[in-house]
Structure formats: C-alpha cells, structure tokens
Amino acid sequence: MSRQCPIAVNGREYQWPRRPVVVTCLDGSSFEYLFHAAAAGVAPFLRSLLKNGFVRAAESAIPSFTNPNNLSIVTGVPPSRHGIAGNFFLDRETNRAVMMNDPCFLRADTIPAAFARAGAKVVIITAKEKLRRLLSAGLDGLCVSAENEGQPVYSSILSEHVLRRGAELMASTAPDLMYLSTSDYVQHLFPPGSSEANQFYAAIDEQLAHLDRSGATLVITADHGMSAKTDPDGRPRIIFLQQLLDAWLGTGNTRVILPITDPYVAHHGSLGSFACIYLEDRSLTAEIVPRLSSLPGLDLVLEHDIACRQFELPEDRTGDIIVCANHETVLGTHPHEHDLSVLRSPLRSHGGLAEREVPILFNRRIRLPSQVKRFKNYDAFWFALNCADDKSDSVRLAGSGEGKGPGDDHLIRQQLGYYRARAPEYDQWFLRQGRYDRGPKHRAEWFNEIAAIESTLSPIVAGKEVLELACGTGLWTEVLAKSCKRILAVDAAPEMLSINERRFQSHKVEYYVADVFSWKPTIIADVVFFSFWLSHVPPTRFEEFWYTVFCALKPGGVAFFIDSLFEPTSTAVDHAQINNSGVVRRKLNDGREFEIVKMFYEPSALQHRLIESGWKGWVRSSGKFFLYGLMTRPETSESSSPSHQQRESADS
Ligand SMILES: [Zn+2]
C-alpha cells in the first residue's frame, strides 16, 4: 500500500490508510446486545473491546432506519447531504410513493468509491441485495451481498456470512478499506441477553476477532438500536396514523408514508417508529402538529422545516410533518395494510429517538481532536482513518484478564452465612434498636445524616432505571422506589429479599437472587445503587466489583453508594472494638459469631482511587457515621485490567 495524499469526500478529508481499515455496521445492535453477550462470556473479543478499547455512545441518523444510516456511514455525511432518508418518500409531482433503493437516488459520493478511484483496494460486503445496490454506487471494487451469494434472508447465517467473508478476504487479499454491514433479523426477533441473541453475537464475535488478528484497524458501530414495541402482554402498540388523520380530516387530505416499508416484512410488518405525513393543504400543519403532539405514545411531532434542520434531513424527501413514536410504540397507516400474522414473535422495531443511540467501538487507541464533542456513527471512517493510533497494537493484546480474588472464598461464604442468618434482625442496626441502641442523641445524629443523604439521592434516581446491588431488607429500596422508574433489586440472600418484598408493595421493584460477587449484570441501568456493601467487598475483589458496576451501567450512567465511616459507636454495644484490619467478628442476637469483611474507606482516598480508574465524581462524609458517593461510569473500563489487578493483589 503506497503512501498517498488525503482524499476529500463530501467536504471532509480522510487520510490514506497505513494499515487496512474495516468499518463494521452491526445492524440493530444497541449497547445492550453487546453488554449481555460480553457479560455472558460468549463474546470474549467484544468484551475485551468494551473493557480496553475506545468505546463511545454515538448518535445514528434519524430516522433510525437501516438505509439512511448505512449511507451516512459510507458517505460520512447526514441524509440531508446524501438524500437517502428511508426506503420510501412521496414524489409530490406524481403523488406516488417512490422507493429509494436505486443508486440514482444517492446524491453523495461514498468514501469507499473515492478511495477506490484513488487506487485503494476496496471491499464492501452487505447482507441484503437492496442495500448492496446503494452501497455499490460509483464503486470500482468488490461489492457483494450475502443474499446474492445464496444465504437465506430470514436467518442469522446471513449476517455471519458477511463477517466470515470479510475475515477471509482480509486474510487472503488484505484490502485497504472494507465496509461490512449485517442484517437485523436476529435483533427484530430476540431481545438482548436471550440465548438466541447471545448465540448470534458469539458467532459474530469470532469473526470480529479474526478481523482484529489480521492487523486491521477495526471500527464496530450500528445503524440503530432496537426496542420491544409491545404492551406488557406482548401485543404490538400501534398508532394507525392514516386511519386517525382520515377520521380527523376526511380521506384524501393527508398521506402517511412509512419509510421503513420494504419487501422484508417478516422483520417488522412495515411497522417502525417514524412516519412522514404529506398534506394536500400545508396550512393544516398548524392544526395537526399540536393535535398529534397530545397523543400518548409519541415522542416527537415536528413540522417539515424544523425536522429537516434538527435531524439533517433532505428537504424534498421529508414529509410536511414528521412523527416519532416512543420506545414502545410503532406507527402504521391502516390496520388492513399491516399483516401482523407475518410477525414471528412480539414486535421489536426501531426508527425513532429511542433507537438512536448506538455503540461505536475501536480496537485501537483514538487520538481525539479537541473539537470533537459528539459522536455520530457516520464518523466511523473519519475516526478510523484520521484519529486511530495505527502504530499501536490492538487493544485485545492488552489482555482480557479474568483475575479472581485469591484465597477469600472461605471468608465470603462465612459472610454470606452471617448475612442470611441476620436477615430478621438486620433492621435493628439501621434503626438503632436493641444492641445498637445508644440513646436518643446518638439516634438523632444518625438519622439526620441519613436524611441528608436521602435528599441528595432522590433527585438522582428520579425517573431512572435503577439496579440495586445487595438490596437487603429494603430500607433503601423503599427510598429509591419513591422517585425512580423501576428497580431491579439483587441480593444473594432470599431471606433478605422476602423481607424487602413484604416491606412495601411496589410494582416498580423486581427481585432477583444472585451473588453479586459472581453475578454478571443482565440489565443495563441508569443508576447502580448499593448501600453498606462496598465495605464488605474484599480488597482483592474491589476492581472486579467496580467492573460489574461498569457493565451494568448505560454510558453516562452513575453509581451511587453509601457506606460506614470508621466510627466505633456504629456497631453493636457488645461487638468488639472495630479495627482497620479489613476483617471483623460479628455476633447475632443468639450469640452465634462470624468473621466477615469490613473495609473502612476514608472518603477522599476512595474518591481518588475511583477517579484514578476512570470514574468521575465524588465521595463525601455525611458527618460522623457515613460516607456516600456519586460516580459517573467511565467511557471504558480499565479498572480491571490485569496490571491493575496484579498491583491490587500485591498491595493486599
Ligand atoms: Zn437496520
């Protein structure tokens, strides 16, 4: 590969690749799919990228559909520039819905085509034929679809074939630039974490690892996410827009176009979360927009000009009004135009704002220019060609150490035994009763500090999805439930969970028995909360525990925690004086004794340690008894890298 000048494409400049560059668009892959597969242990390569790679949440183009995003990625510009804003638009001249899957509708050059013209060896492999035609526009290079190579369209094999072919070609012919784009067949059918989804990502992971080993700079992103568009019984939530508008305004006055419509109906029955409305009389806009906006189930109703500006849409291929349905709702035209019998499972679809966030992962270090503030999936080639540190090794080589805390299994078992046996009397400690009663003054101080922490916590969890680790008897679950949206409360002790469940009845709380030390998060939350738990995590498992928290958080999500300060009067009157050894003896009301882990952290030292490993936030003292902290998830977790763990073990 000779060193050449940068190539300008659609007003952006791209450096000539010094090593092969592979951009992969994993159709319909939200972070949740990757996290689940990584946490389940079936996708070791993705896991190593999530841990050690450069990982960001990126915005996809709206509508969050396949073609607008694939074309944005290969052109490096939004739909306003390249013209592909969905599968269909309404031609106002002829009043006919026009399908935009022919290259003649594409208004921009593609990055692969431009590099091929400059002499680069370029390969594009995609799942379906409809997309291949668009992607091959102007391309002098190999552009194939798995569908055309005889793979079944309604199968996971279609996507696996794309990546396998890519990996084979990379090994045999080492193209300079490669674009691989899969199908979202699996994601339409199966939610993140399902065995089918994990199995799919396991197969994908293997091929991605091959590509990585070939020495290429590898970018993995997606065209859109995917949401369950159903009510709790699994029935699709559909707003039939045309039917509604006809009822409001009479037939013939409006025309609803669903840009998701395509020949592959079994995926979604032409039901997505984005629609365009075209009006006979545009002055109706002022009447329709507010009327639609008041409907439940819609995230956004915008008139043409605002929509085009806000989402960078092509003016002549965007309706007079655009509508985005929310995360659990799709938009249809008329009931008789959607054959729901084609759906093979509860409807999962995309198109709206809820499916806009996608992951973007790099297997190399990225040197970010300071002007970059927001990440778009269509910057994938730009980052790979201009910002990747191509002299560095793949981050996979940074290792995927699965270090375990050595030698503390016995202590952990004893601790759990104590904790389970203590369930019925646990609250006495918190409520300062029985052996913990140290008088009214002490109790007042204790509860003042609790109240201060509570007032900090409440706004943080308001409206949020919360994962509570080691939730215990529910003293804090109840506080969380007052303002949060939903809680998954996890605890290793069923005895604790049943007390928690009886304490207050809330439909918001779901309970799950699992040992936090070995549990791999099965949900991705806005907030991970744990109280009086970190002090029971052995120092050898500190990094691993925080990695679990990292995996359970959405990008930008926060951990909130509360724990004990080193304060002798916190413990029972008949307990031995507390010490800083990390292990204390605890007694139950019946006299049984146990040794458990109890680490006392000094707030500023704990804060420093977490910030060192990439978390951002603070840890404070509430006065005498407690520390509490708020930490924002790092972009990537290096906190459990092997070097860290070795240092950790050596220290302790
Ligand atoms: Zn897609």
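Residues numbered from 1 in each chain as written. Predicted model: local features only at pLDDT ≥ 70, side-chain atom pairs only at ≥ 80, totals over all residues.

The next point concerns the overall build of the protein. Scanning the protein from terminus to terminus reveals 21 helices and 28 strands. Scaling as 2.2 N^0.38, a compact globule of 652 residues should have a C-alpha radius of gyration of about 26 Å, and the protein matches this with 27 Å. Seen through its C-alpha atoms, the protein measures out along the principal axes to roughly 85 × 65 × 40 Å. Here the protein holds 652 residues, and 50% of them are scored as buried. Of the contacts formed within the protein by residues at least 6 apart in sequence, a portion of 72% connects residues at least 24 apart. (Helix = DSSP H or I, 4+ residues; strand = E, 2+ residues; numbered from the N terminus. Rg over C-alpha atoms; globule rule 2.2 N^0.38 Å. Buried ≥ 20, exposed ≤ 12 C-beta atoms within 10 Å, placed from the backbone. Contact = placed C-beta atoms within 7 Å.)

Turning our attention to the pairing of strand E16 (residues 321-325). When you tally the buried positions in E16, you get five out of five residues, the bulk of the element. By the alternation rule, side chains of E16 split into Ile321, Val323 and Ala325 and Ile322 and Cys324, which are all buried. The pairing of strand E15 (residues 298-303) with E16 spans five bridges and is classified as antiparallel. Residue pairing across strands places Leu300 opposite Cys324, the latter belonging to E16. (Pairing = 2+ DSSP bridges.)

As assigned here, the protein comprises domain 1 (17-77 + 109-225 + 356-397), domain 2 (238-348) and domain 3 (409-651). For domain 1 versus domain 3, the distance between C-alpha centres works out to 39 Å. At the junction of the two partners, domain 1 supplies 14 residues and domain 3 supplies twelve residues. Counting residues per element, the ones that place at least two in the side of domain 1 that touches domain 3 are helix H1 (31-39), helix H2 (44-52) and strand E4 (54-59). Looking at the side of domain 1 that touches domain 3, the element that brings in the most residues is H1, giving five residues. For the side of domain 1 that touches domain 3, a count of residues per class yields seven nonpolar, four polar and three charged. (Domains from an automatic or database assignment. Nonpolar A, V, L, I, M, F, W, Y, C, P; charged D, E, K, R; others polar.)

Let us now look at the sheet that holds strand E13 (residues 254-257). Strand pairing in a sheet relies on backbone hydrogen bonds, with the paired strands running either antiparallel or parallel. The sheet built from four strands is open, its strands ordered E13-E14-E16-E15 with antiparallel pairing. Unpaired on one side and paired on the other, E13 and E15 mark the two borders of the sheet. Neighbour to neighbour, the strand axes of the sheet diverge by 20 degrees on average, direction disregarded. Contacting E13, strand E14 (274-279) and E16, helix H10 (residues 241-249) crosses the sheet at an angle of about 170 degrees to E13. Contacts from helix H11 (residues 285-293) reach E14, E15 and E16, with the element oriented near 170 degrees to E15. (Axes fitted to C-alpha atoms, helices over the stretch in contact; angles between N-to-C directions.)

The buried count for H1 comes to nine of nine residues, which makes it a mostly enclosed element. Among the residues of H1, Phe31, Glu32, Tyr33, Leu34, Phe35, His36, Ala37, Ala38 and Ala39 are the ones counted as buried. Backbone geometry just after H1 places Gly41 at a positive phi near 80 degrees.

A few words now on the confidence of the model for the protein. When pLDDT is averaged across the protein, the result is 88; 93% of the residues are at 70 or more. Across residues 398-406, where pLDDT falls below 50, the model places 19 contacts with residues more than four positions away in sequence or in other chains. (pLDDT = per-residue confidence, 0-100.)

Further remarks concern the nonpolar core. One finds Leu46, Ala275, Val323 and Val528 to be the most contacted residues of the largest nonpolar core, which totals 186 residues. Here this core takes eight residues from helix H19 (residues 542-552), the largest share from any one element. (Core = buried A, V, L, I, M, F, W, Y, C linked by C-beta atoms within 7 Å.)

Here we come to unusual backbone geometry. Residue Pro63 follows Ile62 across a cis peptide bond; omega there is 0 degrees. For Pro63, the location among the structural elements is in the loop between E4 and helix H3 (66-75). One non-glycine residue, Glu312, lies in positive phi territory at about 50 degrees. Residue placement: Glu312 occurs in the loop between helix H12 (304-311) and E16. Given 18 C-beta atoms within 10 Å, Glu312 falls into the partly exposed group. We note that Phe532 has phi near 50 degrees; this positive angle belongs to a residue other than glycine.

It is worth spelling out the pairing of strand E3 (residues 21-25) at this point. With five of five residues buried, E3 lies mostly within the body of the structure. Burial along E3 is two-sided: the face carrying Val21, Val23 and Cys25 and the face carrying Val22 and Thr24 are both buried. In the sheet, E3 pairs with strand E9 (residues 177-181) via five bridges, with the strands oriented parallel. Considered in E9, the bridge of Val23 is made with Tyr179. Relative to strand E10 (residues 217-221), E3 runs parallel, the two sharing five bridges. Within E10, the position partnered with Val22 by the bridge is Leu218.

Another aspect to go through is the sheet that holds strand E8 (residues 142-145). Reading across the sheet, the seven strands line up as E4-E19-E10-E3-E9-E7-E8 and stay open at both edges, with mixed pairing between neighbours. The outermost strands of the open sheet, each flanked by one partner alone, are E4 and E8. This sheet shows a mean twist of 15 degrees between the axes of neighbouring strands, independent of strand direction.

What follows covers the packing of helix H16 (residues 440-461) against helix H17 (residues 475-483). Closest axis-to-axis distance for the H16/H17 pair is 8 Å, and the angle between their directions is 45 degrees. Here H17 runs oblique to H16, going by the angle between their axes. Relative to H17, H16 is oriented so that their crossing is right-handed. Across from Glu454, Leu457, Ser458 and Val461 in H16, the residues of H17 making contact are Val479, Leu480, Lys482 and Ser483. For the contact of H16 with H17, a count of residues per class yields four nonpolar, two polar and two charged. (Parallel < 35°, antiparallel > 145°, perpendicular 65-115°, else oblique. Left-handed = near helix turned anticlockwise from the far one by under 90°.)

Let us look at the environment of Ala118. Residue placement: Ala118 occurs in the loop between helix H5 (111-117) and strand E7 (122-126). With 14 C-beta atoms counted inside 10 Å, the residue Ala118 sits in the partly exposed group. Along the primary structure Ala118 and Ala85 are separated by 33 residues, whereas in three dimensions their C-alpha atoms are 28 Å apart. For Ala118, the contacting residues outside a window of four places in its chain are Gln4 and Ile7.

Mapped onto the elements, Arg620 comes out in strand E27 (residues 616-621). As a C-alpha pair, Arg620 and Ala114 span 506 residues in sequence and 55 Å in three-dimensional space. Look past the residues within four positions of Arg620 in its chain and what remains in contact with it is Pro603, Leu627 and Tyr628.

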